[in-house]
Amino acid sequence: MSQALDILRSRFGYAQFRFQQQQIIDCLISGQDALVLMPTGGGKSLCYQIPAMVRDGTGIIISPLIALMQDQVDALALNGINAAFLNSTQTLEQQRLVRRQLHANEIDLLYVAPERALGDDFLEMLADCRIALFAIDEAHCVSQWGHDFRPDYQKLTRLHEHFPEIPRIALTATADQRTLREIEQQLQLQEARRFVHSFDRPNLFYRVTQGDNNRQRLWRFLQQNHSADAGIVYCLSRKRVEETARWLSDKGRLALPYHAGLDKHTRAEHQRIFLQQEGVIIVATIAFGMGIDKPDVRFVAHLNLPKNLESYYQETGRAGRDGEPADAWMAYGLQDIITLRQMMAQSDADDQFKRVLHHKMEAMLGFCEQTGCRRQTLLAYFDESLEQPCGNCDNCVEPPQTWNATEAARMALSCVYRTGQRFGVNYVIDVLMGNARDRIMQNRHDQLSTFGIGDLDNNEWRSLFRQLIALGYLYADIDNYGALKMTPDCKPLLNGAKQLLLRKFERSSKVVKSKTTKPGTELQAADTPLFEALRLHRKQLAQEQGVPPYVILHDKTLAAICEQRPDSIEELELIPGIGARKLELYGEDLIQFTRQYSRDELILADETD
Ligand code: ADP
Ligand code: ZN
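Residues numbered from 1 in each chain as written. Chains lettered and ligands numbered in written order. Predicted model: local features only at pLDDT ≥ 70, side-chain atom pairs only at ≥ 80, totals over all residues. Heavy atoms only, no water.

Asker: An account of the side chain of N392 is requested, with residue identities and associated values reported.
Answerer: Here N392 lies in the loop between helix 17 (374–381) and helix 18 (394–397). Using a relative accessible area of 15% as the deciding quantity, one classes N392 as buried. (Helix = DSSP H or I, 4+ residues; strand = E, 2+ residues; numbered from the N terminus. Buried < 20%, exposed > 50% of the residue type's maximum accessible area, 1.4 Å probe, protein only.)

Below, the structure written as C-alpha cells:
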C-alpha cells in the first residue's frame, strides 16, 4: 500500500481517495506543482495535508481565514496530526513556541495568513527550516476581477522566488476559465498540472421561488424541511440581516446575525456558536462563510438575488459538504431585479468591467426565470455539460406552468408608454388596476385607455413586470426614480410579431416539500433513537473538549454506527470516518455506549411483548 493511502486510512479513517485526490497527492509528492479546482466539500484539504506528511519537513498553508485556523488545527490534532498556526491572535509566547517546534521539524502543517507569509522575518525563519510544500488556499483571491480580491495574494510569488525547489499547490472552489488563467499567471504556476473537478453537487436540491413576502416563504420552507437543522440565510444589507435574525429568533429559532458592521469579538462568538452547537441559523451578508468548514449545514437560503452565478454557486456550496442531501433555496422578486440593476448602473467601474458585470447579472436572472433544469444551466455556466435534466431541482420535480402572456404584456407596455415612461412599477400597476389614487387623478391618468384594463391582480402584475424586466423588455431608470423605460425589444411584441410565454404566478399557498431528508432519517426507523442518543453523547464529548461536534465524528459516521452496531474495536475500525487516533480516543467509549443502548432496547422490547 502506498504511504499516502496508509495515512488516509490510519489517520483520517477513510477507505478510498475521492475524485482526483490520489493524482494530486502523487503530483506533489513527486515535487511537481498543482492547480486544483474542486467544488466546496470535494476534499481539497487532504490534497495538501497528506503530501505534507509524506514529504520531509513542514507544509506551509497560506489561508486568508484566520478565524478558522484554530478549528482546523484542533480537528487535525484529533486525528493525531501535528499542526499549528501563526497569526496575530496569538501571544508572543505562543508564537515563540510554534517557531521552536518548526525548527525542531515537529510540525507537519503550519497555517499562516498571506500578510504574514510575505514578511521578511517569516521568510528568514523558513530559510532555516525544512519545507515540504506550499499550499495556497482560496487561490481565487488573487483575481482582481473577483469579489474576494486580496492584493497580498499577488505577491505570493515571493515564496517561490525564495524557495524555487519547493512544490506548490494552489486550490480554489470558485473560478471560471479566466480566473484559472489569472491564478496561473499571477502565481507563476504555468508549469503546474491542472486538476479540474466537476462542479456538480448532486446532493444539493436547487429551488428558486418567485414573488413577494420573502420572509414568510422562508419561514414555511424552514418549518417544513429544516425545523431543527443548521443553516445559513444570506441577505444583501446589514439592516436586513439584523431584522431577519431578530424575526427568526422571535419565532423561536436560534438565529445569529453576522456582518462586517459587527465588532470582531461578536462575529467570532457567533461563528463559534454556529460551529459548536447544533441547529443554529446564521443570518449573514456575504461576509460570512468563506471557507467555513462545517460539514452538516443542511440549507443555504438567499433572501436576495446573489450578484452573479459564481457567488450563488459558492454560497450555496456551503450546504451539504458531508455529501448528504441539502437545500439551496432562494426567494426573489421584482424589487431584487430593480435593486441589482441599479447597483450596476451606479457602479463607477470602467466600461469593460461593467460589461462583464452586466453579462454575469443577466446569467443570474436567466437562471432564476428559466423553466428548465437548473443544474444543467448552472453547470453550463461553468463550461460543463450535463446530458440529462437532473431530477433534483424544483423545475425538474415540478415543471413550472406557463401561460401565454402576450396580451397582458402588451397592456403593460402600452400603459408604460402612455404614462410617458416617467413612472415606477407601483404607479403603473395602480393605473392598470384602475386604482384611483391622488397622484393618478392629478395626472389625469384615469382617462387613459389602459386605466383599469386588465383582470390580473397585484401579484400577477408584479410577476409579469418582473419577467418583462428580467427578459430585457423594460428597465428601471435610476436617474429618474426608477421610472420604467421601454427597450427596442418591445417592438416585435407590440406589433404582434412575437408571442410571450411566461411562468405562471406561484400562489404562495402552494407549498412543495423538498425531497431532502436529514442523514439520520434515512436510517431504519428502529435505529433512529440510537442515532439521536449518539448525537447527544457526541455533544457532551464536544463540550468537554471545547470543539464542534462534527470534529469528533460526522453524522454520517454516527449513522453507520447505528446500522452496523459494531461490537468490537475491529468492527468499529471498519466504519468510515474513524481513524486510528479517534479509535484510540473514543473507540471503547463508543462500543460501550452502543452495546449498552442495544441491550436497553432488547429489555424494552421484552417488556412490551
Ligand atoms: P473542501 O476544502 O474541498 O471544501 P474538505 O477538505 O473540507 O473540502 O473536505 C470535505 C469533507 O470531505 C471533509 O469532512 C473531509 O473529511 C471529507 N473527505 C475528504 N476526502 C475524503 C475521502 N477520500 N473519503 C471520505 N471523505 C473525505
Ligand atoms: Zn434539474
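Asker: Which residues make up the sheet that holds strand 4 (residues 109–112), and what are the values?
Answerer: Strand order in the open sheet formed by seven strands is 3-4-2-5-6-1-7, with parallel pairing between adjacent strands. Of all the strands in the sheet, the pair left with one neighbour each is strand 3 (83–86) and strand 7 (193–196). Adjacent strand axes in the sheet meet at a mean angle of 20 degrees, parallel and antiparallel pairs treated alike. Summarising the sheet, strand 3 and strand 4 pair through four bridges and their orientation is parallel. Each residue of the ladder has a partner; that of L86, found in strand 4, is V112. (Pairing = 2+ DSSP bridges. Axes fitted to C-alpha atoms, helices over the stretch in contact; angles between N-to-C directions.)

Asker: Break down helix 19 (residues 406–418) for me, with residues and values.
Answerer: Three- or four-residue spacings in an α-helix give side chains the same orientation, since the helix completes a turn every 3.6 residues. The terminal C-alpha atoms of helix 19, which comprises 13 residues, lie 18 Å apart, in line with the 18 Å expected from a rise of 1.5 Å per residue. Buried within helix 19 are the following residues: T406, A408, A409, M411, A412, L413, S414, C415 and V416. Of the surrounding elements, those touching the buried residues of helix 19 are strand 14 (402–404), helix 20 (425–433), helix 22 (458–470), strand 15 (474–477), strand 16 (483–486) and helix 23 (490–494). (Expected span 1.5 Å × (residues − 1). Contact = heavy atoms within 4.5 Å.)

Asker: If you had to explain the coordination of the zinc ion (ligand 2) to someone new, which residues and values would you point to?
Answerer: Those protein atoms acting as donors to the zinc ion (ligand 2) are C373 (SG), C390 (SG), C393 (SG) and C396 (SG), and they sit at 2.3 to 2.4 Å. Mapped onto the polypeptide sequence, the residues donating to the zinc ion (ligand 2) form the spacing pattern C-x16-C-x2-C-x2-C. When its relative accessible area of 23% is taken as the criterion, C390 is described as partly exposed. (Donors = N, O, S within 2.8 Å, 3.2 Å for Na, K, Ca; no water.)

Asker: So what about the pairing of strand 11 (residues 281–284)? Which residues, and what values?
Answerer: Burial of strand 11 is two-sided: the residues I281 and V283 facing one way and the residues I282 and A284 facing the other way are all buried. Crossover handedness for the path strand 10 (residues 255–258) to helix 13 (residues 264–276) to strand 11: right-handed. (Right-handed = clockwise from strand over helix to strand, strands pointing away.)

Asker: How would you sum up the pairing of strand 2 (residues 58–62)? Please name residues and give values.
Answerer: Sheet faces and side chains relate simply in a regular strand, where the side chains alternate between the two faces. Of all five residues in strand 2, five are buried, a share of seventy percent or more. Residue alternation in strand 2 divides its side chains into two sets, T58, I60 and I62 and G59 and I61, and both sets are buried. Two strands pair when backbone bridges link them, and strand 2 and strand 5 (residues 131–136) are joined in this way by five bridges, in the parallel orientation. Considered in strand 5, the bridge of I61 is made with A135. As defined by bridge partners, strand 2 adjoins strand 4 across four bridges and the pair is classed as parallel.

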